[in-house]
Amino acid sequence: MPTNLPPEAIEAEKRYRAARSPAEKIACLEEFIGLIPKHKGTDKLRANLRRRLSKLKASSQVRKGVSTRDSAFRINKEGAGQVVLVGPTNVGKSALVAALTNATPQVAPSPYTTWAPTPGMMPVEDIQVQLIDTPPLDREYVKPELMNLIRRSDLILLVVDLQTDPLQQLEDTIALLEEYRIVPRRLQDRYADRPRLTFIPLFVLANKNDDETFDENFEIFCELLKENSETDCPLLPVSATTGRNLERLKQVVFEQLEIIRVYSKAPGKEPDLDAPFVLKKGSTVAEFAGKVHQDFYENLKSARVWGSATLYDGQMVRRDHVLQDGDVVELRI
Ligand SMILES: Nc1nc2c(ncn2[C@@H]2O[C@H](COP(=O)(O)OP(=O)(O)OP(=O)(O)O)[C@@H](O)[C@H]2O)c(=O)[nH]1
Ligand SMILES: [Mg+2]
């Protein structure tokens, strides 16, 4: 090491030597290199350090590669809501996602088929909802990334197999989710004093209800659920194989997401009925304006609404007017 380095460079070098994590090492080394005066006497040193820097960067890229595999569990939200299908192995999660969306996850009679989540888009009337097929939830092998994915979702569809002890499957899954601090939203009041919980709407799908021969199984299942308030969840019998109740399921998802569709209309023009804006139930005209454009939110002069909760079509409303599903809104600035 040449002794004619300025004191700040010597200090930077000490910091670099003390750095522990790869990111810290890279940052300190870059700083160090930047503080070395550029002249013939330091050429060799700078070249050596640059080589070391690119090695450090390359190896941290490799490490990043590992985390990209985990990022299979980081799925950007698309459409009107993100809905995860969770449950034990072999209950038909992948079969349901394949039946309801454009995705084609692998479906197989053997257990533990799915290892990574697969998103797909499900059309519901004139909007799209994102459904995510997930690996089985299993006490023996819990992936924290899967729990994080569930925690970020807007709705959990807990799938059980009506033909194979659905009550046990439901109880096990709810207990496991709770261990990871994920609790059905309808129990929010009961858990009010417990810190750091995530409350998410949870709806149960009793799959493999292929035809009427399984309706009795379903009735028994419903009776058993009612015995315990923890398991007394809203539910629907469905069949991925025969398509039974899948249309009803789409409506359920729409209702559970608690969203409304609002259509925009430019003054003097027909409403744009092709592309609704999706808002949370209870949203106001001002919130709708913010979704259309920040300018509308800031400079909104007046709004007219065509819809169910107005006295007449085209009624002038205030910024705090609460919108309903299907409303058409004309904004003026
Ligand atoms: N009878 C019947 N069989 C079904 C139904 N849905 C799925 N299956 C069958 O159940 C088996 C498991 O289905 P998958 O969709 O792979 O189950 P999974 O929940 O994704 O399983 P993992 O990926 O292991 O978690 C397959 O043989 C499917 O054909 C259904 O509604 N009725
Ligand atoms: Mg699967």
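The structure contained in this document is the topic of the report that follows. (Residues numbered from 1 in each chain as written. Chains lettered and ligands numbered in written order. Predicted model: local features only at pLDDT ≥ 70, side-chain atom pairs only at ≥ 80, totals over all residues. Heavy atoms only, no water.)

## Observations concerning the overall build of the chain
For step 1, the next point in the chain: Counting its secondary structure elements, the chain contains ten helices and 13 strands.
For step 2, the next point in the chain: A compact globule built from 333 residues should have a C-alpha radius of gyration of about 20 Å, whereas the chain, at 28 Å, is more than 25% larger.
For step 3, the next point in the chain: Dimensions along the principal axes, computed over C-alpha positions, put the chain at roughly 85 × 60 × 40 Å.
For step 4, the next point in the chain: Buried positions account for 44% of the 333 residues belonging to the chain.
For step 5, the next point in the chain: Long-range contacts, defined as pairs at least 24 residues apart, comprise 61% of the intrachain contacts of the chain with a sequence gap of at least 6.
For step 6, the next point in the chain: As displayed, the chain offers around 18,100 Å² of accessible surface, 51% of which is attributable to carbon and sulfur atoms.
For step 7, the next point in the chain: Of note, the chain has its 46 positive side-chain charges centred 15 Å away from the centre of its 48 negative side-chain charges. (Helix = DSSP H or I, 4+ residues; strand = E, 2+ residues; numbered from the N terminus. Rg over C-alpha atoms; globule rule 2.2 N^0.38 Å. Buried < 20%, exposed > 50% of the residue type's maximum accessible area, 1.4 Å probe, protein only. Contact = heavy atoms within 4.5 Å. Areas by Shrake-Rupley, 256 points an atom, 1.4 Å probe, with all protein chains shown as cover. Lys, Arg positive; Asp, Glu negative; His and termini not counted. Charge placed at Lys NZ, Arg CZ, Asp CG, Glu CD.)

## Some thoughts on the packing of aromatic side chains
For step 1, the next point in the chain: The tally for this structure, following the rule as stated, stands at two aromatic pairs.
For step 2, the next point in the chain: The aromatic ring of Tyr297 is capped on one face by Arg319, whose charged end is 5.1 Å from the ring centroid. (Phe/Tyr/Trp six-rings, centres within 6.5 Å; stacked < 30°, edge-to-face > 60°. Lys NZ or Arg CZ within 6 Å of the ring centre and 35° of its normal.)

## Quick look at the site of ligand 1
For step 1, the next point in the chain: The local shell around ligand 1 holds 21 residues, among which Thr89, Lys93, Ser94, Thr114 and Asp210 are the closest.
For step 2, the next point in the chain: Ala95 has a polar backbone atom sitting 2.8 Å from an oxygen atom of ligand 1.
For step 3, the next point in the chain: Contact between ligand 1 and Thr113: an oxygen atom at 3.0 Å from a main-chain N or O atom of the residue.
For step 4, the next point in the chain: In isolation ligand 1 exposes 650 Å². Once the protein is present, 87% of that is buried.
For step 5, the next point in the chain: Here the shell around ligand 1 takes three residues from helix 4 (residues 93–100), the largest share from any one element.
For step 6, the next point in the chain: When the residues that make up the shell around ligand 1 are grouped by side-chain class, the tally is nine nonpolar, nine polar and three charged. (Near = heavy atom within 4 Å. Polar contact = N/O pair within 3.5 Å; in protein donor to acceptor, adjacent residues only side chain to side chain. Nonpolar A, V, L, I, M, F, W, Y, C, P; charged D, E, K, R; others polar.)

## Regarding the sheet that holds strand 10 (residues 277–280)
For step 1, the next point in the chain: One open sheet holds the five strands; their spatial order is 10-9-13-11-12, and the pairing between them is mixed. Every interior strand has two partners, whereas the edge strands, strand 10 and strand 12 (315–317), have only one. The sheet shows a mean angle of 40 degrees between the axes of neighbouring strands, taken without regard to direction.
For step 2, the next point in the chain: Note: strand 9 (residues 259–265) against strand 13 (residues 328–332), three bridges, orientation parallel. Across the sheet, Ser264 pairs through a bridge with Val329, a residue of strand 13. (Pairing = 2+ DSSP bridges. Axes fitted to C-alpha atoms, helices over the stretch in contact; angles between N-to-C directions.)

## Re the sheet that holds strand 2 (residues 118–124)
For step 1, the next point in the chain: Taken in spatial order, the six strands line up as 2-3-1-4-7-8 in an open sheet, and their pairing is mixed. Lying at the two open borders of the sheet, with one neighbouring strand each, are strand 2 and strand 8 (235–237). Strand after strand, the sheet turns through a mean of 25 degrees between neighbouring axes, direction not considered.
For step 2, the next point in the chain: As judged from the four bridges shared by strand 1 (residues 82–86) and strand 4 (residues 155–161), these two strands associate in the parallel manner. By the bridge assignment for strand 4, Val83 is matched with Leu155.

## Thoughts on the pairing of strand 1
For step 1, the next point in the chain: Buried residues dominate strand 1, accounting for five of its five residues.
For step 2, the next point in the chain: Here strand 1 shows a buried face lined by Gln82, Val84 and Val86 and a second buried face lined by Val83 and Leu85.
For step 3, the next point in the chain: Alignment of strand 1 against strand 3 (residues 127–133), held across four bridges, turns out to be parallel. Paired with Val83 across the strands is Leu131, a residue of strand 3.

## Some remarks on the packing of helix 4 against helix 8 (residues 246–257)
For step 1, the next point in the chain: Look at helix 4 against helix 8: their axes get within 11 Å of each other, and the N-to-C directions meet at 90 degrees. In terms of orientation, helix 4 lies roughly perpendicular with respect to helix 8. Of helix 8, the residues touching helix 4 (which contributes Leu96, Ala99 and Leu100) are Leu246, Leu249 and Lys250.
For step 2, the next point in the chain: For the contact of helix 4 with helix 8, the residue count by class is five nonpolar, no polar and one charged. (Parallel < 35°, antiparallel > 145°, perpendicular 65-115°, else oblique.)

## Describing the pairing of strand 11 (residues 302–306)
For step 1, the next point in the chain: Looking at chain direction, strand 11 and strand 13 are connected through five bridges and run antiparallel. Within strand 13, the position partnered with Ala303 by the bridge is Leu331.
For step 2, the next point in the chain: Of the strand pairs in this sheet, strand 11 and strand 12 are connected by three bridges, and their pairing is antiparallel. In the sheet register, Val305 faces strand 12, and the bridge partner there is Gln315.

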